[in-house]
Amino acid sequence: MEDDRTDRSRKAAPSSPPARPRPERSLLARAHAFLARREHSRAELRRKLGPHAVSAEQLDRLLDDLQARKLLSDERFAEVLARNRGARYGAARIQQELKAHEIGAPLLRAALDELRQTELARAHTLWLRRFGAPAADAAERARQMRFLARRGFSTDVIRKVVRARSGADD
């Protein structure tokens, strides 16, 4: 009798519906999904969509179409990246990132020119937020300088920010 109850309980247990296969998304749908989240460079979108494309020609046509419809723009990507990263990083760090995204030289120069004009003020703001007080000794001053250097600020800017605040006359 115990076996009958066990069999009935097994049969009465709700079963999950059979798994339906997810429909394959088109290349255009994938591109729109990526671009809806944030700006992408052409090279970055090519890298993400490449495994899903039938051919390189199909991918190039899609990217050209997205650019023609102004949904994909390296210029806009460079501006957004520079604006978003500018508060935390220096021009050298942002330049590296833009090069990694294969942004062309003219767009790179335009984005970096604007950043370099405000680099001293941005470095000072970052230094103030992180440290808030002048370095008490050379070791602390070196630590503050390394912090700003890791963030991609130029050596001249770092010296101006840290030494002006610490009163050093080197």
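Attention in this report is confined to the structure presented alongside it. (Residues numbered from 1 in each chain as written. Predicted model: local features only at pLDDT ≥ 70, side-chain atom pairs only at ≥ 80, totals over all residues. Heavy atoms only, no water.)

**Describing the overall build of the protein**
1) Next: Within the protein, the secondary structure is distributed over ten helices and zero strands.
2) Next: Burial status across the protein gives 33% buried among its 170 residues.
3) Next: Expressed as a percentage of contacts within the protein between residues at least 6 apart in sequence, the contacts between residues at least 24 apart total 56%.
4) Next: When the accessible surface of the protein is summed, it comes to about 11400 Å², and 50% of that surface belongs to carbon and sulfur atoms. (Helix = DSSP H or I, 4+ residues; strand = E, 2+ residues; numbered from the N terminus. Buried < 20%, exposed > 50% of the residue type's maximum accessible area, 1.4 Å probe, protein only. Contact = heavy atoms within 4.5 Å. Areas by Shrake-Rupley, 256 points an atom, 1.4 Å probe, with all protein chains shown as cover.)

**Digging into the pattern of salt bridges**
1) Next: According to the stated counting rule, one finds eight salt bridges in the structure shown.
2) Next: Notably, a salt bridge pairs Asp60 with Arg46, separated by 2.1 Å at the nearest N-O pair. Here Arg46 lies in helix α3 (residues 42-49) and Asp60 lies in helix α4 (residues 56-68), a separation of 14 residues in the sequence.
3) Next: According to the relative accessible area criterion, Asp60 is partly exposed, its value standing at 26%.
4) Next: When its relative accessible area of 31% is taken as the criterion, Arg46 is described as partly exposed. (Salt bridge = Lys/Arg side-chain N within 4 Å of Asp/Glu carboxyl O.)

**Quick look at helix α8 (residues 119-130)**
Given 3.6 residues to a turn, an α-helix orients residues that are three or four positions apart in the same direction.
1) Next: The end-to-end C-alpha distance of α8 is 16 Å, a good match for the 16 Å that twelve residues give at a rise of 1.5 Å each.
2) Next: Gly132 lies just past α8 and shows a positive phi near 75°. (Expected span 1.5 Å × (residues − 1).)

**Let's talk about unusual backbone geometry**
1) Next: Although it is not a glycine, Lys70 adopts a positive phi angle of roughly 60°.
2) Next: Residue placement: Lys70 occurs in the loop between α4 and α5 (74-86).

**With respect to the environment of Val157**
1) Next: You can see Val157 is positioned in helix α10 (residues 155-166).
2) Next: Sequence separation between Val157 and Arg116 is 41 residues, and the spatial gap between their C-alpha atoms is 9.9 Å.
3) Next: Excluding anything up to four places from it in sequence, Val157 contacts Glu119, Leu120 and Ala123.

**Considerations on the nonpolar core**
1) Next: Residues Ile94, Leu98 and Leu115 are the most contacted members of the largest nonpolar core, which totals 13 residues.
2) Next: Among the secondary structure elements, those contributing two or more residues to this core are α5, α6 (91-100) and α7 (105-117). (Core = buried A, V, L, I, M, F, W, Y, C linked by side-chain atoms within 4.5 Å.)

**Description of the packing of aromatic side chains**
1) Next: According to the stated counting rule, one finds one aromatic pair in the structure shown.
2) Next: Aromatic side chains Phe131 and Phe147 sit 5.5 Å apart centroid to centroid with 90° between the ring planes, which places their arrangement in the edge-to-face category. Here Phe131, found in the loop between α8 and α9 (138-150), pairs with Phe147, found in helix α9; they are 16 residues apart in sequence, far enough to count as distant. Side by side, Phe131 and Phe147 carry an identical accessibility label, which is buried. (Phe/Tyr/Trp six-rings, centres within 6.5 Å; stacked < 30°, edge-to-face > 60°.)

**Quick notes on the packing of α3 against α4**
1) Next: Where α3 meets α4, the closest approach of the two axes is 11 Å, and the angle between their N-to-C directions is 140°. Judged by the angle between their axes, α3 and α4 are oblique. α4 is crossed by α3, and the crossing has right-handed handedness. Only Leu59, Asp60, Leu62, Leu63, Asp64, Leu66 and Gln67 of α4 make contact with α3, whose side of the interface consists of Arg42, Leu45, Arg46 and Leu49.
2) Next: Across the contact of α3 with α4, the residue classes tally to six nonpolar, one polar and four charged. (Axes fitted to C-alpha atoms, helices over the stretch in contact; angles between N-to-C directions. Parallel < 35°, antiparallel > 145°, perpendicular 65-115°, else oblique. Left-handed = near helix turned anticlockwise from the far one by under 90°. Nonpolar A, V, L, I, M, F, W, Y, C, P; charged D, E, K, R; others polar.)

**A short note on the packing of helix α2 (residues 27-37) against α4**
1) Next: Between α2 and α4, whose axes approach to 11 Å, the crossing angle comes to 45°. In terms of orientation, α2 and α4 fall into the oblique class. For the pair α2 and α4, the sense of crossing is right-handed. In contact with Leu27, Leu28, Ala31, His32 and Leu35 of α2, α4 contributes Gln58, Leu59, Leu62 and Leu66.
2) Next: Tallied by class, residues from the contact of α2 with α4 come to seven nonpolar, two polar and no charged.

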